[in-house]
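Survey of secondary and tertiary structure
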Amino acid sequence: MAVWIQAQQLQGEALHQMQSLYGQHFPIEVRHYLSQWIESQMWDSIDLENPQEEFKAKRLLDSLIQELQKKAEHQVGEDGFLLKIKLGHYASQLKSTYDRCPLELVRCIKHILYTEQRLVREATNSSSPGGGLLDSMSQKYQQINQAFEELRVMTQDTENDLRKLQHNQEYFIIQYQESLRIQAQLTSLSTLPPADRLLREPSLQTKRATVEAWLTREANTLQKYRLDLAEKHQKTLQTLRKQQTVILDDELIQWKRRQQLAGNGGPPEGGLDVLQSWCEKLAETIWQNRQQIRRAEHLRQQLPIPGPIEELLTELNGTITDIISALVTSTFIIEKQPPQVLKTQTKFAATVRLLVGGKLNVHMNPPQVKATIISEQQAKALLKNENTRNDSSGEILNNNCVMEYHQTTGTLSAHFRNMSLKRIKRSDRRGAESVTEEKFTILFESQFSVGGNELVFQVKTLSLPVVVIVHGSQDNNATATVLWDNAFAEPISSVLSQGRVPFIVPDKVLWPQLCEALNMKFKAEVQSTRGLSEENLVFLAQKAFSSTSVNPEDYRSMTMSWSQFNRESLPGRNFTFWQWFDGVMELTKKHLKPHWNDGAILGFVNKQQAQDMLMSKPNGTFLLRFSDSEIGGITIAWVAENPNKAGERMVWNLMPYTTKDFSIRSLADRISDLNHLLFLYPDRPKDDVFSKYYTPPLSKQVDGYVKPQIKQVVPEFATAPPDPSGANATYMDHAASPSVSHPHTYGIYPTTNDTMLDADGEFDLDDTMDVARHVEELLRRPMESQWIGHTQS
């Protein structure tokens, strides 16, 4: 069901919240008459932080105005005439409002749609029969909303009591003035003759006694009212603290944790609209109570009555100031993190936001935010409130930005769009630590004035840890540091530091924990819903722990250290576990994604497993597995006859392909070239799997020239493909290049002893890779006439 249809069925407070989304900035009539069009547009595809997206936003604005004009033109009848004028007016109004800032229109509509969806979802959940049907998220939201309702009632109650106290105190002062007037009259009696004095004095004395008795009783009553009010405020502030703890120390910290996991490819952390609405409600309630406490203090100053109330009010004022201070400093957050692998001399962006900026009118005096890069040690000192003034570990260009208030969404944020790290100052490294293990963080700081400079807060927040590199070759190891930190950071209740002590991580983690992080990263990098299967993870465990066990349970309680992950090379290799895994991700992301998604790549299979699997299949059956010997390599293994022994079958392995190879010819085309490959394991005809990815054949002639083709050939298996037309195949279709004759230069290695194979049966690539690449280079050149017969006209 369309969101707008459901939104119109909202009731009570939810309906009021929905209606408050609209106004001159975006009329509700536009939402109503263009509801289907609005909900069908890809608003989320536009990055609001990227100025280059303004062109896409402008097209959406123009389309919106055209739709409005169309809708206006189709109105008929008396009522239609009025609606036609109104819709035409809205079209002009929206154009004048957003023509120069179309991204603001996108921001506004995204906010409206998100809020409507939330309100509909909450209303649907609350109306479901049976509390047991509510999911945990809905229950949590319900508890928070109930607490806000309780706070609203408590705040209204103290407001009523305060007014009653004020009224009683004003009447007390009037009576007190009456007492002073009677006293003055009694004093003036001394100037009168004794007879007159005796006549008037008794009544005045009686009147004074009555008033003073009333004043004594009323003073006690006022004192009790004040104490009762102070006690109610104490209870309100206790509830406020509890609610603020839930929102800031639970919900906001969880959002930051999700943001951290999103850096590893986890699901998006979610929007901040719900959190901001809660924080704004907190701000409003806190401010109302603060104003009430100040009014109570003013009443006490107007009419000082001896007692404990002065001390109580001082305590309440200090508590409410602490609460609002915690709210302001904790809701200064990083909405868009800077990149965690940060290369010097390269532009980067970040966005900081104050979740209570609109409600506390911070934007009335727009604050400036400064960004500084600091080391891990400097971050720790900052959290301990040690003096770190002017300490930094580098120089960031364009590191100052003024916070802007967006009226349509009520957000106060600063968008750093063109920062650049000019230089970095590194600390002394410990032991085997490399530069790609050193962590920094971006410190954002500002100063906020609240309540017309009544309160001034110094605010700071730290980014997720960043690793600074100076060359792209360091990216791989830097990413490992970031992945380990994001996945296994030890949490602690500290909003400033993203919920943890900078930047403590465990040295060892359980293998299942690492599997979860690797699977998350793999799916995100490859952009695939097909993650790592249990069999894949067993293969990785075998590689990580040099084990032969195929039982997943054997690895459940095993731990992997950071050194094993990305400091120590795998046995017999010159690369680490992470470097190998990262190479697999890169290759799959760039060249193998569709085949991985199709399930055509088994990938995580070792040579012996491949042999065992293929030997039970017909000749020509093949599979694709990631190379054990080369970073970012994939090889084809297939079963075929042994040319040296009649009747004997064996498994062959083609020399691994890398990104460089696939930049010349794709995997699908290479498989198409090799006619001895017939079935993808276990029994799928290869054309059924790969034909949709084949490059279409070249035309025979273009301007009198025949285009040369690059094709892959394996000499021992070069046979002419079936030709239904009966035409003769070219020499290149079935013969090896005459420039090379040794079969190993084509990257074939059977499972036999060979001086060019290492102990594991993998190729020693030092000698063979150069030759193979030379062949590829030859194949890229225009072919000589003796290779393929053709004439030039």
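So, here is what we can say about the structure in this document.

Looking only at helices and strands, one finds 23 helices and 19 strands in the protein chain. Carbon and sulfur atoms make up 50% of the accessible area of the protein chain, which totals about 39,500 Å².

Within the structure shown, the criterion is met by 28 aromatic pairs. Measuring from centroid to centroid gives 6.2 Å for Trp37 and Trp43, while their planes differ by 80 degrees, and the two rings are edge-to-face. The exposure class of Trp37 is buried, given its relative accessible area of 14%. A relative accessible area of 3% places Trp43 in the buried class. Across the ring face of Trp580, the terminal group of Lys543 is positioned such that the distance to the ring centre comes to 4.4 Å.

A few words on the pattern of salt bridges. One pass over the structure, following the stated rule, counts 39 salt bridges. Glu284 is the salt-bridge partner of Lys359, the closest N and O atoms lying 3.2 Å from each other. Of the two residues, Lys359 sits in the loop between strand 3 (347-354) and strand 4 (368-375) while Glu284 sits in helix 10 (residues 273-302), which places them 75 residues apart along the sequence. By relative accessible area, which is 40% here, Lys359 ends up partly exposed. When salt bridges that share partners are traced, they join Lys521, Glu525, Glu586, Lys589 and Lys590 into one network.

Membership of the largest hydrophobic core comes to 80 residues, with the highest contact counts inside it found for Ile247, Val328, Phe332, Ile373, Phe416 and Phe444. When residues in this core are grouped by element, the largest group, 14 residues, is from helix 9 (residues 194-262). Residues Val509, Ala517, Phe626 and Val714 belong to the second largest nonpolar core, which totals 61 residues.

All right, on to empty space enclosed by the protein then. One pass over the full model with this rule turns up 2 cavities of 30 Å³ or more. The space that makes up the second largest cavity amounts to roughly 60 Å³. Residue lining of the second largest cavity: Leu165, Arg226, Leu229, Ala230, His233, Ala296, Ile309 and Leu313, and that is the complete set. Contributions of two or more residues to the lining of the second largest cavity are made by helix 9 and helix 11 (309-330). At 4 residues, helix 9 tops the list of elements feeding residues into the lining of the second largest cavity. Among the residues forming the lining of the second largest cavity, the class breakdown is 6 nonpolar, 1 polar and 1 charged.

The subject of this paragraph is the environment of Ser434. Assignment of secondary structure puts Ser434 in the loop between strand 8 (411-424) and strand 9 (440-450). On the basis of relative accessibility, which here comes to 27%, the residue Ser434 falls in the partly exposed class. Sequence separation between Ser434 and Asn477 is 43 residues; the distance between their C-alpha atoms is 9.2 Å. Of the polar contacts made by the side chain of Ser434, one reaches the side chain of Thr436; its length is 2.9 Å.

What follows deals with the pairing of strand 8. Of all 14 residues making up strand 8, 10 are buried, and the element is well covered by its neighbours. When strand 3 meets strand 8, the two strands line up antiparallel, connected through 7 bridges. Pairing of Leu354 across the sheet is with Leu412, part of strand 8. With 4 bridges connecting them, strand 5 (residues 394-397) and strand 8 associate as antiparallel partners. Across the sheet, residue Ile396 finds its bridge partner in strand 8, namely Leu421. As defined by bridge partners, strand 7 (residues 404-406) adjoins strand 8 across 3 bridges and the pair is classed as antiparallel. Across the sheet, Tyr405 pairs through a bridge with Leu412, a residue of strand 8. Counting the residues between successive antiparallel strands, the hairpin from strand 7 to strand 8 contains 4 residues, one of them, Gly410, with a positive phi of roughly 70 degrees.

Most of the time, phi is negative for any residue but glycine, and the peptide bond is trans. The linkage connecting Tyr681 with the following residue, Pro682, adopts the cis geometry, with an omega of 10 degrees. Structurally, Pro682 can be placed in the loop between strand 17 (679-680) and strand 18 (684-685). Within the chain, Gln527 stands out as a residue other than glycine whose phi angle is a positive 55 degrees. Within the secondary structure, Gln527 is located in the loop between helix 14 (511-526) and helix 15 (534-545). Accessibility expressed as a relative area gives 58% for Gln527, which makes it exposed.

Scoring rules and cut-offs
Residues numbered from 1 in each chain as written. Predicted model: local features only at pLDDT ≥ 70, side-chain atom pairs only at ≥ 80, totals over all residues. Heavy atoms only, no water. Helix = DSSP H or I, 4+ residues; strand = E, 2+ residues; numbered from the N terminus. Areas by Shrake-Rupley, 256 points an atom, 1.4 Å probe, with all protein chains shown as cover. Phe/Tyr/Trp six-rings, centres within 6.5 Å; stacked < 30°, edge-to-face > 60°. Buried < 20%, exposed > 50% of the residue type's maximum accessible area, 1.4 Å probe, protein only. Lys NZ or Arg CZ within 6 Å of the ring centre and 35° of its normal. Salt bridge = Lys/Arg side-chain N within 4 Å of Asp/Glu carboxyl O. Core = buried A, V, L, I, M, F, W, Y, C linked by side-chain atoms within 4.5 Å. 1 Å grid on protein atoms, 1.4 Å probe; cavity = no way out; pocket = protein on both sides within 12 Å on 5 of 7 lines; lining within 4 Å. Points joined across faces, edges and corners; volume = space filled by probe spheres on them. Nonpolar A, V, L, I, M, F, W, Y, C, P; charged D, E, K, R; others polar. Polar contact = N/O pair within 3.5 Å; in protein donor to acceptor, adjacent residues only side chain to side chain. Pairing = 2+ DSSP bridges.

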